[in-house]
Amino acid sequence: MIDLQKDALRGSIPPLVTPFRNGKVDYDRLAGLVDFQARNGTHGVLINGTTSEPSTLTTEERNQAVTVAVQAAQGRLQVVAATGSQSHAESVVLTEHAARAGVDGLLVVTPYYIRPPQRGVAAYFVDLGRRVDVPLMMYHIPGRTAFKTDLATLEQIAEAVPHFVGIKHALDDHSFVTEMLHRFGPEFRVFVGLEEFTFPMMCLGAGGTMNAVANVAPAEVARLCNLVRDGKLEEARALHFKLFDLMKMIFWDTNPIPLKYMMKRLGLIEQNEHRLPMMPATAELEKRIDALIERLELTAN
């Protein structure tokens, strides 16, 4: 595994939503969201993650979003591009474009729907990794892909691709976090992929979180990461509980339906617009989120 700089691919790297306007991607608003994160101390942004609704975007839209994000970041924070798809050919196009655009890291979801064998996923990642030299991570989210990796698959990829440096682990499996860090060492970048496990998994040694809550509370999630890294666990624990209701809110409906409504309410996006088969929040969900905003006294920084 290659040696990364101390702060590379660490900390809070939230998956940004994709703003739509009248059915089209609002790239100007997306650039504004990147700037919002940079001004609030976020360590990086993830473009085209699950929260971005990438399955509803065209390849060209995903590529343009990456280009816009890199330009908007202006080196102030890291940009990670999620470049995986159900299609290997599409993943190649997305991955090679992101590398050319100058991203700091790549996150590739394990192929979904196909239910491939372990050896197929290993070969898939090795093939993509040999096409680029940008740090590469696996997006491990069995609840959406119906694929759960084992340690041997990660070992095969790491042996063949020196710049395979980590994983986004979206699964309630703390034991596997320990297994990965025990096998690959503390420099292996494990990112927490389920919001409510940010604190406990980082205490185990995960290097950061890709936490959708940071779309609305970027400074707080970044601070949570900083506190854990600095060993200030009492303060970090208190902040974890402060953020807990927001972390649960993400899953009051399919992500990012609740989040986009909250962002609209806070003035971060103009509309909580989605593409089919996704839908805006129901009236009942809106009332529930309105009450949470009022109770937590949330405002956009």
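Residues numbered from 1 in each chain as written. Predicted model: local features only at pLDDT ≥ 70, side-chain atom pairs only at ≥ 80, totals over all residues. Heavy atoms only, no water.

1. Side note on the UniProt feature "active site" (unreviewed entry) in the protein
Here is step 1 of the chain: This chain's UniProt record puts "active site" (unreviewed entry) on Y139 and K168. Spanning 30 residues, the annotated positions come together in the fold, the maximum distance between their C-alpha atoms being 4.8 Å.
Here is step 2 of the chain: Here Y139 shows up in strand β7 (residues 136–140).
Here is step 3 of the chain: Setting aside anything within four residues of it in sequence, one finds Y139 in contact with T50, L107, V108, V109, T110, K168 and A170.
Here is step 4 of the chain: Residue placement: K168 occurs in strand β8 (residues 164–169). (UniProt positions renumbered as here; feature names shortened; annotations may be inferred. Helix = DSSP H or I, 4+ residues; strand = E, 2+ residues; numbered from the N terminus. Contact = heavy atoms within 4.5 Å.)

2. Digging into the nonpolar core
Here is step 1 of the chain: L154, F164 and M262 are the most contacted members of the largest nonpolar core, which has 83 residues in total.
Here is step 2 of the chain: Setting aside residues up to four positions removed in sequence, F164 forms contacts with M1, L136, M137, M138, L154, I157, A158 and F188.
Here is step 3 of the chain: L107, V109, Y139 and F191 belong to the second-largest nonpolar core, a separate cluster that totals 16 residues. (Core = buried A, V, L, I, M, F, W, Y, C linked by side-chain atoms within 4.5 Å. Buried < 20%, exposed > 50% of the residue type's maximum accessible area, 1.4 Å probe, protein only.)

3. Examining helix α9 (residues 218–229)
Here is step 1 of the chain: Taking 1.5 Å of rise per residue, 12 residues should cover 16 Å, and α9 covers 17 Å from first to last C-alpha, within 8% of that figure.
Here is step 2 of the chain: Against β1 (11–12), α1 (27–39), α8 (198–204), β10 (208–209) and α10 (233–249) lie the buried residues of α9.
Here is step 3 of the chain: Where α9 ends, the next residue or the one after it, G231, has phi of about 75°, a positive value. (Expected span 1.5 Å × (residues − 1).)

4. Description of the UniProt feature "binding site: pyruvate" (unreviewed entry) in the protein
Here is step 1 of the chain: As recorded in UniProt, the feature "binding site: pyruvate" (unreviewed entry) lies at T51 and M210. Across 160 residues of sequence, these annotated residues stay compact in space, with a maximum C-alpha separation of 10.1 Å.
Here is step 2 of the chain: Positionally, T51 belongs in the loop between β4 (44–47) and α2 (59–73).
Here is step 3 of the chain: For T51, a relative accessible area of 2% puts it in the buried group.
Here is step 4 of the chain: When neighbours within four sequence positions are excluded, T51 is seen to be in contact with P15, L16, V17, T18, A212, N215, N255, P256 and L259.

5. Notes on the sheet that holds strand β5 (residues 78–82)
Here is step 1 of the chain: Taken together, the eight strands give an open sheet; going across it, the order is β1-β10-β9-β8-β7-β6-β5-β4, and neighbouring strands pair in parallel fashion. Sheet topology places β1 and β4 at the edges, where each strand pairs with a single neighbour.
Here is step 2 of the chain: Pairing of β8 with strand β9 (residues 189–192), which is carried by four bridges, proceeds in the parallel orientation. Looking at β9, one finds that H169 is bridged to V192.
Here is step 3 of the chain: Running at roughly 175° to β8, helix α7 (residues 174–184) makes contact with β7, β8 and β9 of the sheet. (Pairing = 2+ DSSP bridges. Axes fitted to C-alpha atoms, helices over the stretch in contact; angles between N-to-C directions.)

6. As for the packing of helix α6 (residues 151–160) against α7
Here is step 1 of the chain: Packing of α6 against α7 leaves a shortest axis separation of 11 Å and a crossing angle of 35°. For the element pair α6 and α7, the recorded crossing hand is right-handed. On the side of α6, the interface is formed by L151, L154, E155 and A158, while α7 contributes F176, E179, M180, R183 and F184.
Here is step 2 of the chain: Residue composition of the contact of α6 with α7, by class: six nonpolar, no polar and three charged. (Left-handed = near helix turned anticlockwise from the far one by under 90°. Nonpolar A, V, L, I, M, F, W, Y, C, P; charged D, E, K, R; others polar.)

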